[in-house]
Every structure is written in C-alpha cells, then in structure tokens.
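Single-letter residue listing:
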Amino acid sequence: MKTAPGWSFTLLLLPVAITAIISSAATSADPGSPSLNLGVAEPADPNLVVGNEACVKCHAADIQVWKKTPHATTLDELHRRPEAKAIASKLGLKSIKNSGRCVACHYTQQQTPDTALHVISGVSCESCHGAAKNWLAVHHDFGGEGLTSLNESPAHHSKRIADSVKAGMRNPKNVYAVAQSCLRCHTTADEELVNIGGHSAGSLEFEFVSWSQGLIRHNFLKSDGKINRVNSPERLRIMFVAGMIAELEASLRATAIATEKATYGVTSAKRAARAGARLASVDAKIDSTHLRQIVDIFKSIKLQLNNEAQLTAAANQIAVLGHEFAESNEADLSSLDRFIPDADRYK
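Draft legend 1. Molecular detail of the overall build of the protein chain. Counting secondary structure elements, the protein chain contains 15 helices and 2 strands. The burial tally for the protein chain puts 47% of its 347 residues in the buried class. Total accessible area on the protein chain stands at roughly 16,800 Å², and carbon and sulfur atoms take up 54% of it.

Following this line, the structure appears as structure tokens:
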C-alpha cells in the first residue's frame, strides 16, 4: 500500500513543470492501439449521422430503454422549459433547437445532400457512440452470412471492434470512451452560456457508475436483446476510476477556455481540483502506472485563467492515459469496492 501524497490545491496558483511528464505519457502510447483513434469526445457530425433507425436491427431493446430516458424526451421537452427559455433569452437565442450551443449537447442533428440541417432526436445513440456513417457497415459485419454477434469468432470480433473504432465509433469496450462522451456534456464547455446565460457549469454531482448503471443502462447485446445485464464487479471498478479521469480531462478543457474570474472559470477549476484530489486518493490505494502519470501531470499544471495551451495539452495526454488505463487491466482495483456506489444509489 502506497502512502497518500501530501499535496494540496491552490486554485489558479499551481506551479508548472509539465513538459517532461507529457513527453513521457506520449511515448507510452501504442500507435496501433484502437483507443488512440478515439481522441476527444465531440458532437456528432450531422453529415455523418444516420439516425437511430440504423441501430434497431441489433439494438431494439436498447432503444426501448433509451426512449424512456431524459436523453430521448429532451427532444420534445427542453425548449418548453421556463429555465431553458430564460437562458436563451439572456443570450439572444431565437431557437433552442437551432442554436449550436444548445444542440451540441441536447439534440442530434442530421444533414444530407437532399435535406437541410435539422434536429432528428434528443441525445441519441450517435451522441455517445459517434456519428455512424463511416463505421456502421464494419460494425454490422460479423464475418459471414448467418453469423451474429453471438457466434462470430473471437478473432473477428476483436478486429471488427478495432476497425469500427478506427472509423470513428466510440465503442463501450473501452469504458473511458463512454465516460468521455458523458463528461463532454455533463461539463459545460461554454463560458458565456454560464456567466451570461445562467446555465450551470455542469453536473457537479456526476459520478460515472451511478449515473450510467440505472435508468440509462442498456446492456442487452450478449443476451440477444433479452436481458439488460448488470456489469461485472471488475468492469465497474474500471468504470469508477475511468469516470474520475474523464471528469478531470473535461474539467481541464473547461478551465482552459476560461477568460475571467467568474462563475464558469472558478467552478471549472474547483471541479478539476476535486477530480485531481480524488484521483490522488485512488492512486494511494492501487498500483497503476497510468494513474500515477495522470496524477503527476495534474500536480504539475497551473489552474489559472488564459492558460489554454498548457491545460489543453495536459487534457490531451490524460485522455490518452485514460484510454490506456481502461484497456490495460494492469492494476488490482478490488480495494476500491467499498467506495463504488451500490445499486441503490444508481440514478
């Protein structure tokens, strides 16, 4: 058992010595790893969105779960809410459904050669797993006629997932990719939206396991749509840590674009500090090279205004390490079990 590190956070006043650490993190990456193609979570490109109908054949049960979640119902509800209308009014937005700063997180847009840019759903499959035009065919190829995900060969399965990721899919095989998709929107990356519009700076109480394993859990595939399976303890442990890493990455990106000491910048920096402190606590309990590098990077950066280059560089390297951590299985995480939320705390 390692000794807990004795360091603390001074918001907007931390020292800097990141270059060597970032270089070390970069050299640890395997260029052939599918995880490295995932990059930063971004809104789905409307020109590459195919729509949920393309997923129904294999994921009908998952979509039925989705339809009952706020991710789906936001399509018909968000623009009617008084608080949403108030934010739009403060920012001079004429249409919530047609404003990029709202659409990026609350809706899915599509544009084709035959149709203009338009909203087709709320937070959809492609909001989290990536616009599917370039990877859908690969993802649906199980290796031959009559084969499905239940009987394709292990070798073909591994290649199919890797090829899908290379083509832009954020596949849940790597839980960090999913955590990134969640934190892209549960961390607000828009200073004006918060400081002027009055939008929250993000879901400050977000915790990856409890927020993903309740109402929105859709894990039917290995049962051919019959059972919404609970994740194994081993996977939940990885998710628990991956969620903290993704929160740190997202909070650093948010802090990076802060230009004034107001609600947005202060809240984002505090959230980054909290995520860093939590990861330091985890680092004291497990033996993970990836996590140690992440903590070292965070200890060495400066949480201050107008520091976009340094904070973004740190976030980029933490993203790489987060993907690698989720794939590595390098550490025994069982000592974290008492900290992982139980099912009665799932949202």
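Draft legend 2. Broad picture of the pattern of salt bridges. For the structure on display, the rule yields 11 salt bridges. Between E192 and R101 there is a salt bridge; the shortest N-O distance is 3.0 Å. With a gap of 91 residues between them, E192 in helix α10 (residues 191-195) and R101 in helix α5 (residues 100-106) connect regions that are remote in the sequence. With relative accessibility at 37%, the residue E192 sits in the partly exposed group. Taking the shortest distance from any N to any O, the salt bridge between E247 and R271 comes out at 2.7 Å. Of this pair, E247 sits in helix α12 (residues 233-256) while R271 sits in helix α13 (residues 263-283), and the two are 24 residues apart along the sequence. For the pair E247 and R271, a shared accessibility class is recorded, and that class is buried. The network of salt bridges with shared partners includes R101, D190 and E192.

Draft legend 3. Local environment of the state of the cysteines. One pass over the structure, following the stated rule, counts 1 disulfide. The disulfide bridge from C105 ends at C185, spanning 2.2 Å between sulfur atoms. Here C105 and C185 share a disulfide; its torsion about the S-S bond, -95°, makes the bridge left-handed. Taken as a pair, C105 in helix α5 and C185 in helix α9 (residues 175-186) lie far apart in primary sequence, 80 residues in all.

Draft legend 4. A look at the side chain of T69. Tracing the chain through its elements places T69 in the loop between α2 (56-67) and α3 (70-77). Aside from chain neighbours lying at most four places away, what touches T69 is L215 and I216.

Draft legend 5. Representation of the packing of α9 against α12 in the model. Where α9 meets α12, the closest approach of the two axes is 8 Å, and the angle between their N-to-C directions is 45°. In terms of axis orientation, α9 runs oblique to α12. Here α9 and α12 pass one another in a crossing that is right-handed. Residues V175, Y176, A179, Q180 and L183 of α9 form the contact with α12, whose participating residues are R235, I238, M239, A242, G243, I245, A246, E247, E249 and A250.

Draft legend 6. Spotlight on the packing of aromatic side chains. Enumeration over the complete set of coordinates arrives at 1 aromatic pair. Ring plane angle 55° and centroid distance 5.1 Å describe the contact between F206 and W211, whose orientation is recorded as tilted. On the basis of relative accessibility, which here comes to 6%, the residue F206 falls in the buried class.

Draft legend 7. Region of interest: the environment of F240. You can see F240 is positioned in helix α12. The sequence separation of F240 and A179 amounts to 61 residues, and the corresponding C-alpha distance is 9.7 Å. Leave out the neighbours within four places in its chain, and F240 touches E207, V209, L336, F339, I340 and P341.

Draft legend 8. Spatial organisation of unusual backbone geometry. In this structure, D224 is a non-glycine residue whose phi angle is positive, near 55°. Examined against the element boundaries, D224 turns out to sit in the loop between α11 (208-212) and α12. The phi torsion at N329 lies on the positive side, around 50°, for a residue other than glycine.

Draft legend 9. Inspection of the environment of V138 at higher detail. In this structure, V138 sits in helix α7 (residues 136-139). Judged by its relative accessible area of 31%, V138 is partly exposed.

Draft legend 10. Expanded view of the pairing of strand β1 (residues 108-112). Pairing between β1 and strand β2 (residues 115-121): 4 bridges, direction antiparallel. Note that in β2 the partner of T112 across the bridge is T115. Following β1, the chain reverses through 2 residues before pairing antiparallel with β2.

Draft legend 11. Representation of the side chain of S223 in the model. Structurally, S223 can be placed in the loop between α11 and α12. Using a relative accessible area of 9% as the deciding quantity, one classes S223 as buried. Looking at S223, its side chain comes within polar contact range of the main-chain nitrogen of K226, at 3.2 Å.

Draft legend 12. Examining the nonpolar core more closely. Core analysis: the biggest nonpolar cluster contains 48 residues, and F208, I245, L248, L252, L279 and I318 have the highest contact counts within it. Among the elements of the structure, α9, α11, α12, α13, α14 (289-299) and α15 (308-328) are those that each provide at least two residues to this core. In contact with L279, other than residues within four places in its own chain, are V241, M244, I245, L248, L291, I294 and V295. Counting residues in hydrophobic clusters, the runner-up holds 7 residues, among them L78, I96, C102 and V103.

Here is what the cut-offs are and how they apply
Residues numbered from 1 in each chain as written. Predicted model: local features only at pLDDT ≥ 70, side-chain atom pairs only at ≥ 80, totals over all residues. Heavy atoms only, no water. Helix = DSSP H or I, 4+ residues; strand = E, 2+ residues; numbered from the N terminus. Buried < 20%, exposed > 50% of the residue type's maximum accessible area, 1.4 Å probe, protein only. Areas by Shrake-Rupley, 256 points an atom, 1.4 Å probe, with all protein chains shown as cover. Salt bridge = Lys/Arg side-chain N within 4 Å of Asp/Glu carboxyl O. Disulfide = S-S within 2.5 Å. Contact = heavy atoms within 4.5 Å. Axes fitted to C-alpha atoms, helices over the stretch in contact; angles between N-to-C directions. Parallel < 35°, antiparallel > 145°, perpendicular 65-115°, else oblique. Left-handed = near helix turned anticlockwise from the far one by under 90°. Phe/Tyr/Trp six-rings, centres within 6.5 Å; stacked < 30°, edge-to-face > 60°. Pairing = 2+ DSSP bridges. Polar contact = N/O pair within 3.5 Å; in protein donor to acceptor, adjacent residues only side chain to side chain. Core = buried A, V, L, I, M, F, W, Y, C linked by side-chain atoms within 4.5 Å.

That is the geometry; function is a separate question.
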